[in-house]
Amino acid sequence: MTLALLVLLPFLAAIGLTFVPKENEGTPRIVALLTTFLGLLLGVRLFWQFDAGQTGYQFVTTIPGLGAEALGIHCRLGVDGINVGLLLMGAIVAFAATCVARDIGERAKEFYVLLLVMTGGILGAFASLDLFFFYFFHELALIPTFIMIGVWGRGEDKNYATFKITLYLSLGALIALFGLIALYLQMPPDQRTFDIPAITQYFAGQRMAARAQQLIFPALMFGFGILVSLWPFHTWAPLGYGAAPTATAMLHAGVLKKFGLYGLIRVAVPLMPDGAKQWLGVLALLCLGNILYCGLVAMRQKDLNLLIGNSSVAHMGFVFLGIASLNLIGITGAVVIMIAHGLLAAVSFALSGYLYQQTRTLEISRMGGLLQQVPFAGMALTMAMLAGCGLPGFANFVGESMVFFGAWKVFPVVTALACWGALIIGAVYMLRAVRSILHGPLPEDWKDLRDLSNLWRRLPFAVLLFTLLLFGFFPRLLTDKIRPSAETIVRMANGGSVGTRASNQVVQTGLVGEPRNEQRPLTPHPGPLPWGEGASIVAFRESGGTRIGETRAKVFPLPEGEGQGEGERDGGKSGRVNSPQGLSFAE
């Protein structure tokens, strides 16, 4: 019920606002604030009640009346370790964005209706367990984005920015839709479903044809990649965020843009492991364009919004690198960065919007010495810029460190260059912006600026920064929840195989009830058994396409790293499983 309320509440409030007379100018803002605040409380409750020790989806619920029974479409919602933190982050950013939207004067009712629809679409996309609604909610959230930039945007290029962001994101969504439809068609006609857990279970037992994976995975990678501003398809993002209203930039850059990354982790990587292994090397190279090229572009920016926009694109490169690593620490770090960057982007654009309200300009060269006049806003901006540099104590540092550790063994050169981009290039443009905006002499034009003087105005900035620090100092609040789901994704992406003693034989292995079709030579397992003590293993040899023998065993550790178990082979013949650092199957 909590999850259904979290998703439905913004839509219900938006519908209710359409009946409010225009004369009641303050009512839309009050309704939007109450709705997003209640959503924040529901998000915190959901995150707090989530059981990190339980595998699979939790709080699963189906909203009646939404969907098409004849087509197998159901509005089914659920959370696991991958999306529970994203939902919390989305609820926090939605409340903060509503708080800072007080600068909207004209057509406020329409603006808050669109803001609530956008919020509901974002939360619905992350919570959906149905492939149709997964895509539908995202598209529902994109439509208000285009309208809000075109109507309430700022700058001479706002119309151009609106057209560009519409074209790019529509193209990315269309390519991703092609990939999702092709994925759906890979299932047998009598088993086709839009249910993501059911699709995942099917392809865990029946691997998709390699040729189909080679066609579908790049469609999803580039389709979702365009939505996330993957280099070189990134140029829409800085321009769009620079022209967008503050609340819109916070929600899109902070939350909605993570949909593409979430789609890669949830759908593309685990369901198409062969395609992932073929294309993720390309993704790792492209992410350097985000980190290095967009970082260098950010160094040259004279407009604060464009600097933050290019920085946001650069930070997406670290998430791509974590996904490309295909290991537990890299995937976990990628999810942590998604959450941390959502909070960072939101507070950064909120502060730039506040400075624009006060000065009517975002030209960095016209500012200077603002820390003297607006100490709270200056402190918040300094903290945001330091978080963007990956300073320890902020959640960004945790995520980036995990990604670097996870990617080092897989892409050492790429990781080294990414470290350079994070530690040097990022530090240069972030710290130079702090120096130029906040320090030095105060121009005469800004001596009448007003700081965020009361608690209510400071609240959204404080909430965003507090959450960044909370997850930075206590990262296990996130990582313990992410790890079980990330382990499942990594296991599927790597075929779910258990290595054994070196041999020329070929085996197929998998958890009981979760068969695998991967064939691979027996090789030593490098460390602890991935499924842990007491796991049930089924394995058999294969020769010329014929299965020879079968072993079912319980695995538990022996001293000196041996894995051992006892089970039944060939319908009753007792066998023993015993080998150093892994498994072999005794005759």
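This text follows the structure it describes.
Residues numbered from 1 in each chain as written. Predicted model: local features only at pLDDT ≥ 70, side-chain atom pairs only at ≥ 80, totals over all residues. Heavy atoms only, no water.

Chemist: Can you walk me through the side chain of Thr479 in this structure?
Modeler: Relative to the elements of secondary structure, Thr479 occurs in helix H20 (residues 476-493). In this structure Thr479 comes out as buried when scored by relative accessible area, which is 14%. Sequence-distant contacts of Thr479, that is, excluding residues within four places in its chain, are made with Thr332, Val336 and Met402. (Helix = DSSP H or I, 4+ residues; strand = E, 2+ residues; numbered from the N terminus. Buried < 20%, exposed > 50% of the residue type's maximum accessible area, 1.4 Å probe, protein only. Contact = heavy atoms within 4.5 Å.)

Chemist: Even after reading the chapter, I still don't get the packing of helix H14 (residues 328-359) against helix H19 (residues 455-473), so can you show me in this structure?
Modeler: Axis angle and axis distance: for two packed helices, these are the angle between their axes and the distance between the axes, and together they describe the pair. The geometry of H14 relative to H19 is characterised by a closest axis approach of 9 Å and an angle of 150° between their N-to-C directions. Here H14 is positioned roughly antiparallel relative to H19, judged by the angle of their axes. When you trace H14 past H19, the crossing you get is left-handed. Only Phe461, Leu464, Leu465, Thr467 and Leu468 of H19 make contact with H14, whose side of the interface consists of Ala340, Leu343, Leu344, Ala346, Val347, Ala350 and Leu351. Residue classes in the contact of H14 with H19 are distributed as eleven nonpolar, one polar and no charged. (Axes fitted to C-alpha atoms, helices over the stretch in contact; angles between N-to-C directions. Parallel < 35°, antiparallel > 145°, perpendicular 65-115°, else oblique. Left-handed = near helix turned anticlockwise from the far one by under 90°. Nonpolar A, V, L, I, M, F, W, Y, C, P; charged D, E, K, R; others polar.)

Chemist: When you look at the environment of Met1 in this model, what are you seeing that I'm missing?
Modeler: Within the secondary structure, Met1 sits in the segment before helix H1 (2-17). The class of Met1 is exposed, set by a relative accessible area of 73%. Linking Met1 and Val60, residues 59 residues apart in sequence, is a C-alpha distance of 8.9 Å.

Chemist: Honestly, the packing of aromatic side chains in this entry has me stumped. Any pointers?
Modeler: In this description, an aromatic ring pair is defined by two values, namely the gap between the centres and the angle between the planes. Under the counting rule described, the total for this entry stands at 24 aromatic pairs. Taking the centre distance of 5.6 Å and the plane angle of 55° together, the rings of Phe37 and Phe95 count as tilted. With Phe37 in helix H2 (residues 27-49) and Phe95 in helix H3 (residues 84-99), this residue pair connects regions lying 58 residues apart in the sequence. Assessed through its relative accessible area of 4%, Phe95 is described here as buried. A centroid spacing of 5.8 Å and a plane angle of 80° characterise the contact between Phe318 and Phe404, whose relative ring orientation is edge-to-face. Linking Phe318 in helix H13 (residues 304-325) with Phe404 in helix H17 (residues 395-408), this pair joins segments that are 86 residues apart in sequence. Side by side, Phe318 and Phe404 carry an identical accessibility label, which is buried. Residue placement shows Arg154 over the ring face of Tyr356; its charged tip is 4.6 Å from the ring centre. Stacked on the ring of Phe47, the Lys or Arg Lys481 has its end atom at 4.6 Å from the ring centre. (Phe/Tyr/Trp six-rings, centres within 6.5 Å; stacked < 30°, edge-to-face > 60°. Lys NZ or Arg CZ within 6 Å of the ring centre and 35° of its normal.)

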